[in-house]
Amino acid sequence: MNNVIVIGAGPAGLMAAATAARAGAQVTLYERNEKPALKLRITGKGRCNITNATTALEQLIAHVPVNGRFLFSAFSRWMPADTIELLESLGVLCKVERGGRVFPESDNAHDVADALVRYAKQSGVKFVHERMTSLPENAKVIVATGGMSYPKTGSTGDGYDLAQQAGHTIVAPKASLVPLECHEGFCSRLSGLALRNTGLQVWDNQRCRTIYEDQGELLFTHFGVSGPMALSASSHMREMSPDRYQLWLDLKPGLTHEKLDARIVRDFAEQPNKNFINVLNALLPKSLVPVIVQHSGIAPGTKVNQVTREQRAALVNLLKRFTLTVTAFRPLEEAIITSGGVSVTEIHPSTMQSKLDPNLYFAGEVIDVDAYTGGYNLQIAFATGVLAGENAAKEI
């Protein structure tokens, strides 16, 4: 019987351990925390975006901007449908939401984490609560320790140290899927405001072109913006410098300029003697109104029947392109995932086996791959975990 040691009880490690055990290996899973899968339990605001419901392999790869082709074999072996089928067989019913995002029907990440832990234990995996600081000998080892985001959950870069002990190159870790700091002071005044249906373009001043477009949810914070769209946008900003990137928000993406103008004309006509600042509440969230008024160039006390056609046109343009200037990423500790890690040039993509040490394998975020939001990063963890577990279980 082949001895396999898995380091890290996150989604990649749990899948790797269970898969290796079911393939006949004697598996010990080392986890530094008393409770496994701590980071998984807080993903998706505690709801856990398990995977994405896409059925197309190329679509999966297209959503992995960093070394996506490296995952061809892993995704071919384990698709989102396999993830969903496994979890539902473990009693976690799934549902599909906007953009193909898959969540547990319970909206409870603990259900997913507990199911994966149970799956590993039922497969015969032995759990040991201990931090591994050196690579074990006389066994095959799968390193699945995650990256460096959310260090309170145990993701502190241990896997990078272990990989370097075997001579591996580590691509410098940096934040990916991370909130954005913005120059505009009004962001702090809007802190807590969630725009549920907003259009977004990310403009790159250096390359003079739009590098990302989306429509969905954006959250204002005391430092700038967060929420699904901001996190996804961040992964397209590969070299950050102050003032390089602008966020152009379309506050009314369902209306053309002409239809929005007609809507404003109608609102003004219904309350012709009201002050300008008092007629926008039906069009915008209450906390956003003073900010828009301030930037519109129209005095707050102006009667709406005195607003000129030119002023109205400027208001429409403001609502269709409300601009924020990005100054920095938030710290790595606040990132959803880590970009960087063990270089993929030193890992066999068909097995997740090290090219430097035949007894060493890697799975999950410790590898230099990262994807956009939408369930793709967890799918990477599951797929690479399965591939590493299957191949580590084979006798040399």
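Residues numbered from 1 in each chain as written. Predicted model: local features only at pLDDT ≥ 70, side-chain atom pairs only at ≥ 80, totals over all residues. Heavy atoms only, no water.

1. Overview of the layout of surface pockets
It is a probe the size of a water molecule, rolled over the atoms, that shows where empty space is left.
Consideration 1: What the second largest pocket holds in volume is close to 220 Å³.
Consideration 2: Looking at the second largest pocket, it is lined by 15 residues, and the ones nearest its centre are His63, Arg101, Tyr212, Asp214 and Thr373.
Consideration 3: Taken together, the elements giving at least two residues each to the lining of the second largest pocket come down to strand 11 (209–220) and helix 8 (228–234). (1 Å grid on protein atoms, 1.4 Å probe; cavity = no way out; pocket = protein on both sides within 12 Å on 5 of 7 lines; lining within 4 Å. Points joined across faces, edges and corners; volume = space filled by probe spheres on them. Helix = DSSP H or I, 4+ residues; strand = E, 2+ residues; numbered from the N terminus.)

2. Comments concerning the pattern of salt bridges
Consideration 1: According to the stated counting rule, one finds 19 salt bridges in the structure shown.
Consideration 2: Notably, a salt bridge pairs Glu365 with Lys39, separated by 2.9 Å at the nearest N-O pair. Of this pair, Glu365 sits in the loop between strand 18 (360–362) and helix 12 (376–392) while Lys39 sits in the loop between strand 2 (26–31) and strand 3 (51–52); the two residues are 326 residues apart in sequence, bridging distant segments of the chain.
Consideration 3: We note a salt bridge from Glu58 to Arg69, for which the minimum N-O separation is 2.9 Å. Placement of the pair is Glu58 in helix 2 (residues 57–62) and Arg69 in the loop between helix 2 and helix 3 (72–77), with a sequence separation of 11 residues.
Consideration 4: Classification of Glu58 by relative accessible area gives partly exposed; the value is 45%.
Consideration 5: For Arg69, a relative accessible area of 51% gives the class exposed.
Consideration 6: When salt bridges that share partners are traced, they join Arg47, Lys95, Glu97 and Asp107 into one network. (Salt bridge = Lys/Arg side-chain N within 4 Å of Asp/Glu carboxyl O. Buried < 20%, exposed > 50% of the residue type's maximum accessible area, 1.4 Å probe, protein only.)

3. Quick notes on the sheet that holds strand 5 (residues 101–104)
Strand pairs in the sheet, formed through backbone hydrogen bonds, run parallel or antiparallel to each other.
Consideration 1: Here three strands make up an open sheet; going across it, the order is 3-5-4 and the pairing antiparallel. Unpaired on one side and paired on the other, strand 3 and strand 4 (94–96) mark the two borders of the sheet. (Pairing = 2+ DSSP bridges.)

4. Re the sheet that holds strand 11
Consideration 1: With antiparallel pairing, six strands are arranged side by side around a closed barrel as 9-12-11-10-13-14. Along the sheet, successive strands turn relative to each other by an average axial angle of 45°, direction set aside.
Consideration 2: Here three bridges tie strand 9 (residues 180–182) to strand 14 (residues 322–329), and the two strands are oriented antiparallel to one another. Bridging across to strand 14, Leu180 finds its partner in Phe329.
Consideration 3: Sitting on the sheet, helix 11 (residues 309–320) is in contact with strand 13 (245–250) and strand 14, with an inclination near 115° to strand 13. (Axes fitted to C-alpha atoms, helices over the stretch in contact; angles between N-to-C directions. Contact = heavy atoms within 4.5 Å.)

5. Topic: the pairing of strand 11
Consideration 1: The pairing of strand 10 (residues 194–204) with strand 11 spans nine bridges and is antiparallel. Paired with Asp204 across the strands is Arg209, a residue of strand 11.
Consideration 2: Connecting strand 10 to the next strand, strand 11, in antiparallel fashion are four residues, including Cys208 with a positive phi near 55°.
Consideration 3: Bridging between strand 11 and strand 12 (residues 224–226) involves two bridges; their strand directions are antiparallel. By the bridge assignment for strand 12, Leu219 is matched with Ser226.
Consideration 4: Between strand 11 and strand 12, which follow one another and run antiparallel, lie three residues.

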